[in-house]
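# Analysis of the macromolecular model
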Amino acid sequence: MRGSLVAGVDRQLQDTYVSLVRLAPSLNLHDPDRLDREANGEVVISRYQFPDSFIQIEELAFYDLPTLATDLQNATTPTMRGQLFKYLRDIQAVSRITIATDPDHPIELTDAQLAALIEAPDGQLKLNLPVRERFRDTPTPMRVLVRLEPLQLKSAALGSDPTLAVTYVARSLGGINNTLTNLQNVLLLLCAIGAVSAGTGAYLLAGQALGPLRLVRRAAERIGGENLTERVPVPATGDEVEALAQALNGMLGRLEQSFEAQRRFTSDASHELRTPVTAISGHASYLLRRTNPTGQQAESLKIIQSESERLTNLIASLLQLARSDSGALVLNRAPIFSGLFLREIARELAPLAQAQQTTLDVSGDDLPFEGDPDRLKQVIINLVGNALKAGARTVTLGSTLDAAGQQMHLSVQDDGPGIPADQLERLFDRFYRLEDSRSRDQGGAGLGLSIAKGIVDAHGGRIWLESDLGQGTTAHVQLPIGNVPVLDDDDVP
Ligand SMILES: Nc1ncnc2c1ncn2[C@@H]1O[C@H](COP(=O)(O)OP(=O)(O)O)[C@@H](O)[C@H]1O
Ligand SMILES: [Mg+2]
């Protein structure tokens, strides 16, 4: 780029030199007043002819090229060369003519450049040099054409011959430098714009392509066992994303069907079992009350009665689980005062606790929240029941509000044997119990915690266990407080 721009300048310099050769005899360059007139603001003809060029001419009078070349060849030692160049410089200085260059700071060649010029086969050098313009304090970087050739400086009509002269024709490189700087800035700007728009375009395109996938993903994350009827949106993109969404929905449909079949089986089986179990229990009661069974017969009848009671409970539990699976667990929400609620449960369970010398405490304030009191009572009763079955000496019921005042926190803490950490989650699975003899002896079916979880989930809450082996267990129930009326202190019972 720069090379071709410089080549253009070199051509202009050659042209300028050609016209200088043509015009020199008529420019009256030897006029001693020329520079003074120019300094006084007069437009002298030489400046007028070469407006953009800077020219300097030094006549080497009494020399011709072959002699000069021979002199240079003969100057074999550095001293001799030094003497030759000094001599040349002296005659250059006295004969110097300047057009637009500063006569006080002329263009000067180094010894090597001068030697190269004398030896140059085409009699010229092209150099980049700082050149002082007239009336300027600082040098300008210029392209300089230097030629060593005889030049006709006075009109031939006056009888003078051409003299050998060193002629410098210079032009500023400022234009080229400006062009290159501008070009560089434009390129940088284009690169920056290109990078930014490529980035933005890629971002937008990727967003457009991934947008539908994101929608599908969000929907898929939302869907679980409780809301299997929902489907992911099918974006009409006509590509793999659409096919994927359709495949997901097909899979959800099949899952829903098999879940539903399983739930209906549990529900139907429980229903079907209810009547015969009630009949068994009723007949056993009848026989006990209305006949006179022997001691052994009476014993058997009592076992039949208690076992059918257990079966009734189990069936009720299974029905409830089937109902919460299908999302049919209907909550009758009402305002609840936590302290009151827990004290009532404690009062109800007191005889059971006393029977095994367990202390049942209630701590915490009366804080209002909203929920289904009967279902939540079922939850807490199961948790306290578990603590009692585990053989706790002390069971403490507590209630607190979280810092933001949005979550009610109920807890049942016991000092029983505790639960191994790896079992804590699994206890919420159906029919899952600890493998210790106590669990078996107490006769629970292992459904209590799963039912409790179903109820708490339906409230939009969370239930979990914390336990230290040998220290005791705490069951936590966290519930959103819901729409509780703002109460004055007086209203709290
Ligand atoms: N507080 C507790 N301390 C020790 N073990 C517990 C406690 N709570 C629950 N468990 C264990 O978890 C099992 C499951 O409890 P649950 O689901 O209520 O069923 P169930 O009470 O019918 O056995 C219990 O059988 C018992 O082994
Ligand atoms: Mg239980």
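Residues numbered from 1 in each chain as written. Chains lettered and ligands numbered in written order. Predicted model: local features only at pLDDT ≥ 70, side-chain atom pairs only at ≥ 80, totals over all residues. Heavy atoms only, no water.

## Thoughts on the domain arrangement of the protein chain
- Structurally, the protein chain comprises domain 1 (2-172), domain 2 (240-325) and domain 3 (334-491).
- For domain 1 and domain 2, the distance between their C-alpha centroids amounts to 118 Å. (Domains from an automatic or database assignment.)

## Brief notes about the side chain of Ser-53
- Mapping Ser-53 onto the fold places it in the loop between α3 (45-49) and β1 (54-59).
- Residue classification places Ser-53 among the buried positions, given a relative accessible area of 2%.
- Not counting chain neighbours up to four residues away, the residues in contact with Ser-53 comprise Thr-16, Arg-47, Ile-99, Ala-100, Ala-170 and Arg-171. (Helix = DSSP H or I, 4+ residues; strand = E, 2+ residues; numbered from the N terminus. Buried < 20%, exposed > 50% of the residue type's maximum accessible area, 1.4 Å probe, protein only. Contact = heavy atoms within 4.5 Å.)

## Let's talk about the layout of surface pockets
- The calculated volume of the second largest pocket comes to roughly 900 Å³.
- Around the second largest pocket, the lining comprises 29 residues; the ones closest to its centre are Gly-225, Ser-324, Asp-325, Ser-326 and Arg-430.
- Looking at the lining of the second largest pocket, the elements with two or more residues in it are α8 (240-290), α9 (295-325) and α13 (448-458).
- For the lining of the second largest pocket, the element with the highest residue contribution is α8, accounting for six residues.
- Across the lining of the second largest pocket, the residue classes break down as 10 nonpolar, 10 polar and nine charged. (1 Å grid on protein atoms, 1.4 Å probe; cavity = no way out; pocket = protein on both sides within 12 Å on 5 of 7 lines; lining within 4 Å. Points joined across faces, edges and corners; volume = space filled by probe spheres on them. Nonpolar A, V, L, I, M, F, W, Y, C, P; charged D, E, K, R; others polar.)

## Some details on a nonpolar patch on the surface
- A cluster of nonpolar side chains, contributed by Met-1, Leu-183, Val-186, Leu-187 and Leu-190, occupies part of the molecular surface with about 490 Å² of accessible area.
- Structurally, the position occupied by Leu-190 is in helix α7 (residues 174-222). (Patch = residues over 30% accessible without salt bridge, like charges linked within 9 Å, V, L, I, M, F, W, Y side chains within 5 Å. Areas by Shrake-Rupley, 256 points an atom, 1.4 Å probe, with all protein chains shown as cover. Salt bridge = Lys/Arg side-chain N within 4 Å of Asp/Glu carboxyl O.)

## Things to note about the coordination of the magnesium ion (ligand 2)
- In the first shell of the magnesium ion (ligand 2), the protein supplies Asn-382 (OD1) and Asn-386 (OD1), at 2.2 Å from the metal. Here Asn-382 and its partner Asn-386 are both found in helix α11 (residues 373-389), four residues apart, which amounts to about one turn of the helix.
- Residue Asn-382 is classed as buried on the basis of its relative accessible area of 17%. (Donors = N, O, S within 2.8 Å, 3.2 Å for Na, K, Ca; no water.)

## Some details on the pattern of salt bridges
- Overall, the coordinates contain 17 salt bridges when judged by the stated rule.
- For the salt bridge of Asp-31 with Arg-37, the shortest nitrogen-to-oxygen distance reads 2.9 Å.
- A salt bridge links Asp-111 to Arg-89; the nearest nitrogen and oxygen atoms lie 3.0 Å apart. Here Arg-89 lies in helix α5 (residues 78-95) and Asp-111 lies in helix α6 (residues 111-119), a separation of 22 residues in the sequence.
- Under the relative-accessibility criterion, Asp-111 is labelled partly exposed at 36%.
- Salt bridges sharing partners connect three or more residues here, namely Glu-260, Arg-263 and Arg-264.

## Structural notes on unusual backbone geometry
- Its identity is not glycine, yet Ala-100 carries a phi of approximately 75°, on the positive side.
- Note that Ala-100 resides in the loop between β2 (97-99) and α6.
- The backbone of Phe-135 sits at a positive phi, close to 65°, despite the residue not being glycine.
- Inspection of the secondary structure puts Phe-135 in the loop between β3 (124-131) and β4 (140-151).
- Residue class for Phe-135 comes out exposed when judged on its relative accessible area of 61%.

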